[in-house]
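A look at the structure
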Amino acid sequence: MGENSERPWHITLTDNRIMKFLLTNKYVQPTVHVIMVGIFFLAIWEGLTGPQDPGSNFGAVAFFELWWIPVMLFSLVLIGRIWCYFCPMGAIVRFTQRFGLKRHFPMFANTKTTVLGISISVVSITAITFILARMPMYNLGMVFDPQLISYFFLISTILAVGVSLVYQRQAFCRYVCPASGVMTVTSRLSPFELRQEAETGVQCATLEYKSEYLSSDRRCVSCMNCTTEQPDEDVGLRARWPGAAAIRQRIPLPDEAILIIVLWAVFPIDHVLSDHIVTVTNAEAFIPGDWVDIYAYFASLLLAFAGYLTATAVGSWWSGIDWEESFTWLAYAYLPWAVLFMLGNHGIPGFLESGGAALNVFFTTFGIPITLSESLVSESTIAVWNSFNATLLPWIGVIWGLGIVWFAFRRFNFSKRTIVRSLLPHAVLLVATTAWVVVEVLW
Ligand code: SF4
Ligand code: SF4
């Protein structure tokens with residue numbers, strides 16, 4: 001960074017010959033995809049036929065310890081949607097759609113529906129698929145059952161192939177993939193963006209924003225068409241303040257606000273609310289077995305949305321800021337805390353505590369016997385992390401989120417008094433629920 005005085009937060013990756021080759025040669029990504037698809041199907045096979053202890057099954061380890069938790073989360077948090085570059089499902093989608101009917105998916109700009117005064121579109125489908133995909137992971141114990149994990153990914157693959165055989169331009173990636181919407185919103189927090197230096201004139205594979213250059217933000221699926229078709233255009237890595245992309249965004253969508261509230265509901269809120277819902281409603285008396293957890297999961301989601309809508313209604317009425325505008329922007333106050341909860345409570349401690357054992361299983365499957373100790377760091381380091389996670393981290397998330405909304409509204413020249421009035425009900429909700437999570441879950 002800093003090599004170009006006009007763009008001090010930027011390096012041109014393609015100045016390096018190796019990076020230029022990796023980013024612009026049209027055979028590199030297909031080679032990566034062949035490897036990734038091979039690992040993907042091996043993981044499914046091992047999940048079905050291997051040992052059913054999740055800690056020693058290659059499928060369970062590959063999907064949940066080495067892919068979903070660290071790779072996925074770090075890629076989301078550091079460089080936006082960069083995971084899509086490697087994704088085996090994206091590779092399957094791109095291969096399959098060549099043989100499909102190539103129909104247009106109904107474009108979101110033309111098909112809006114108003115619900116509670118909020119115009120929503122097909123982009124919200126990814127919120128529904130995320131809710132449905134997340135539900136079996138813990139509520140049905142899928143993460144502890146390698147066969148169930150394999151069935152889950154097999155069904156997802158069949159769905160991806162089915163959608164791709166009908167619709168063109170990676171419709172599965174844009175509108176169905178459960179990770180897609182999540183990555184779109186979390187990429188706005190990432191401190192780095194991979195981006196072409198200029199418009200290339202290459203029509204974006206997704207056609208969505210008529211973009212003509214690579215960017216790991218927005219809804220780009222990292223197909224690399226724009227870099228491989230214009231290999232002489234530079235690709236750079238930009239650094240920015242985490243959250244700056246959320247503040248500066250030009251087309252915030254209510255659908256993406258819905259996704260953010262889903263993340264907040266599914267991660268921190270569900271962890272405190274679901275047990276209380278079961279107790280207060282005496283659900284076990286009238287709902288059988290596993291359905292109790294599923295009922296509590298959906299009830300938590302509904303209550304979280306009710307809380308958000310109530311805070312938005314009070315803030316909109318008090319400040320005079322338009323209802324839909326309030327709904328769309330104020331959700332960003334909840335995004336950093338939802339992401340930090342995922343990282344702080346699951347991703348980082350899980351990888352530190354059992355990452356060595358997971359790497360052992362992964363490499364041993366490929367005939368590379370490594371013998372790392374189960375835990376990658378000492379117990380005292382994990383304890384330090386856990387106390388940071390239970391004290392400072394949640395409040396960093398809260399302040400970060402409130403700051404994003406504050407600066408975004410300042411860009412629109414709202415007065416400080418107006419912003420305080422719109423933000424205060426959310427600050428109360430956010431602080432109260434975060435304190436509840438800290439006391440009940442993290443301490
Ligand atoms: S959108 Fe989903 S399926 Fe498509 S490449 Fe990205 S992670 Fe993979
Ligand atoms: S063409 Fe470029 S901007 Fe469009 S999805 Fe592919 S990599 Fe992203």
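All values derive from a computational prediction rather than experimental measurement.

1. Here's the deal with the nonpolar core
- Formed by 132 residues in total, the largest nonpolar core has its most connected members in F63, V262, W264 and Y334.
- When residues in this core are grouped by element, the largest group, 15 residues, is from helix α12 (residues 254-280).
- Discounting chain neighbours no more than four positions away, the residues touching V262 are A127, F130, I131, L301 and F305.
- V278, A283, I287 and V292 belong to the second largest nonpolar core, which has 5 residues in total.

2. Description of the sheet that holds strand β5 (residues 235-239)
- Strands sit in the order β1-β5-β4 across an open sheet of 3 strands; the sheet is antiparallel. Both outer strands of the open sheet, β1 (10-12) and β4 (192-196), are each paired with one neighbouring strand and no more. Across the sheet, the mean angle separating the axes of adjacent strands is 20° when strand polarity is ignored.
- As defined by bridge partners, β1 adjoins β5 across 3 bridges and the pair is classed as antiparallel.

3. Details of the pattern of salt bridges
- Per the counting criterion, the structure on display carries 3 salt bridges.
- Two residues, E193 and R240, come together in a salt bridge whose shortest N-O distance is 3.6 Å. You can see E193 sitting in strand β4 and its partner R240 sitting in the loop between β5 and α11 (244-248), a full 47 residues away along the chain.
- E193 gets classed as buried once you look at its relative accessible area, which sits at 4%.
- Among the residues examined, R240 registers a relative accessible area of 13% and is labelled buried.
- Ionic contacts of the salt-bridge type, sharing partners, join the residues E193, R195 and R240 into one network.

Cut-off values and rules
- Residues numbered from 1 in each chain as written.
- Chains lettered and ligands numbered in written order.
- Predicted model: local features only at pLDDT ≥ 70, side-chain atom pairs only at ≥ 80, totals over all residues.
- Heavy atoms only, no water.
- Core = buried A, V, L, I, M, F, W, Y, C linked by side-chain atoms within 4.5 Å.
- Buried < 20%, exposed > 50% of the residue type's maximum accessible area, 1.4 Å probe, protein only.
- Helix = DSSP H or I, 4+ residues; strand = E, 2+ residues; numbered from the N terminus.
- Contact = heavy atoms within 4.5 Å.
- Pairing = 2+ DSSP bridges.
- Axes fitted to C-alpha atoms, helices over the stretch in contact; angles between N-to-C directions.
- Salt bridge = Lys/Arg side-chain N within 4 Å of Asp/Glu carboxyl O.

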